[in-house]
Amino acid sequence: MKTILLIEDDLALRENTAELLELSNYLVHTAPNGRLGIKLAKEKLPDIIVCDIMMPEVDGYGVLQELSTDDNTKSIPFIFLSAKTEHKEIRKGMDLGADDYLTKPFEEEDLLSAIESRLAKAEILMQMTKNSPSDEDESSGMRTLNELKNFFDDNGEILEFNKGKSIYQEGDHSNKIFLVLKGVVKCHKMDADGKELITELHPADNFLGFTSFIDNIPYQESATAVEPTELAAISKTDLKDVLEKNHDVSLELMELLSGNITDIKDQLLQMAYSSVRKKTAQTLLQFAEILDKRIEEPIKISRSDLASVAGIATESLIRTLSGFKKEGLIDIEGRNIRILQLEELQYVS
């Protein structure tokens, strides 16, 4: 039975989460603050640690820093669990060596999936370490996806795009891979009738521009800045060299891209089978999350972009938004949309 150390100062959340994990056949140890969490981690040596950030005595960052300096605990997978959602806070945690980051409130499935994924990865890496000869060059290289992102920051060409500016067009040579440092990028295609279809939205900390590393395949979609955006660009050849020398990073990148495919499939199912009302609610919530807009903060986005992501006609979207406004779920001022009743809108979706 795998063991989990849950470090969380909120009593109700700690007990409820522990019960959920125990029902999923994990042995759970709990700690109400960072100081006791560090002590338990060194005593119990759990298979994985789930830790809050804002806690008394020692915060989550302090817990991770302390455990990362101990040979017995530094390899334990570490997942942050916090209400903090700003890009700089997420990057800070990942820079310290965290393996994953879940924001409150979280879905039970998301927590269990993150834990299972990190445990599986740890098992794979352990087997690779046992079965592979030591490689001096690789051991001194990158080991995490976050280190790859830092490589982009430090070595990539920094590019800035104003809102609405094209980053690349479908059919262009796919020479570069991009990391979004700031802003949001939409990827989109044109259908046979000339209608734009948004295939994906990329907020800060996302990669885009992947095609084949082997064949000279052009970009299969266009990319445009939704708001003022800053990117770091690395040539596809340079990135391929990095991945060939760092197997750990390659595995993490494969996991990330696999997750993206799953998200796209879910979006396609939504576009194909959901009602117009449900599609509109889901798309509003999606934009609010990606643009990092909290309740009652305005979402400034074009109706055509909203309709394109939802997979419905712009006129249908506008009618549905008007209905949401009459119901008091949202407020509309020009292009600005404010979510007034988050839970009710989530229920609709």
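Above this text you will find the structure in question.
Residues numbered from 1 in each chain as written. Predicted model: local features only at pLDDT ≥ 70, side-chain atom pairs only at ≥ 80, totals over all residues. Heavy atoms only, no water.

Take helix α12 (residues 314-326) next. In this model α12 runs 19 Å from its N-terminal to its C-terminal C-alpha over 13 residues, within 8% of the 18 Å that 1.5 Å per residue would give. The complete set of buried residues in α12 reads S316, L317, T320, L321 and F324. Considered in projection along α12, the buried side chains sweep an arc of 135° and stay on one side of the axis. Turned more than 90 degrees off the buried face of α12, the exposed positions are E315, R319 and K326. Tucked inside the fold, the buried residues of α12 contact α10 (276-290), α11 (303-310), β15 (330-333), β16 (336-339) and α13 (342-348). Phi for G328, located one or two positions after α12, is positive at around 80°. (Helix = DSSP H or I, 4+ residues; strand = E, 2+ residues; numbered from the N terminus. Expected span 1.5 Å × (residues − 1). Buried < 20%, exposed > 50% of the residue type's maximum accessible area, 1.4 Å probe, protein only. Arc of directions from axis to C-beta. Contact = heavy atoms within 4.5 Å.)

As a further point, take the side chain of R118. Along the polypeptide, R118 turns up in helix α5 (residues 108-131). A polar contact is formed between the side chain of R118 and the backbone oxygen of D99, at a distance of 3.0 Å. (Polar contact = N/O pair within 3.5 Å; in protein donor to acceptor, adjacent residues only side chain to side chain.)

This part takes up the sheet that holds β15. Through backbone hydrogen bonds, the strands of a sheet pair up, either in parallel or in antiparallel fashion. Reading across the sheet, the three strands line up as β14-β16-β15 and stay open at both edges, with antiparallel pairing between neighbours. With one partner strand each, in any of the chains shown, β14 (299-300) and β15 form the two edges of the open sheet. Pairing analysis gives four bridges linking β15 to β16, with the strands arranged antiparallel. Counted as the bridge partner of I332 is I337 from β16. Of the strands in this sheet, β14, β15 and β16 are in contact with α10, which crosses β16 at around 95°. (Pairing = 2+ DSSP bridges. Axes fitted to C-alpha atoms, helices over the stretch in contact; angles between N-to-C directions.)

Below, the discussion takes up the side chain of T3. When you line up the elements, T3 lands in strand β1 (residues 3-7). The residues touching T3, leaving out its near neighbours within four places in the chain, are L27, L45, P46, D47 and I48.

Right, let's talk about the packing of aromatic side chains for a bit. Applying the stated criterion across every chain yields a total of seven aromatic pairs. Here a set of aromatic residues connected by ring pairs shows up, and it is made of Y61, F78, F80 and Y101. (Phe/Tyr/Trp six-rings, centres within 6.5 Å; stacked < 30°, edge-to-face > 60°.)

Time to look at helix α7 (residues 145-155). Those residues of α7 that sit buried are L145, N146, L148, K149 and F152. Viewed end-on, α7 has its buried residues packed into an arc of 160°, placing them on one side of the element.

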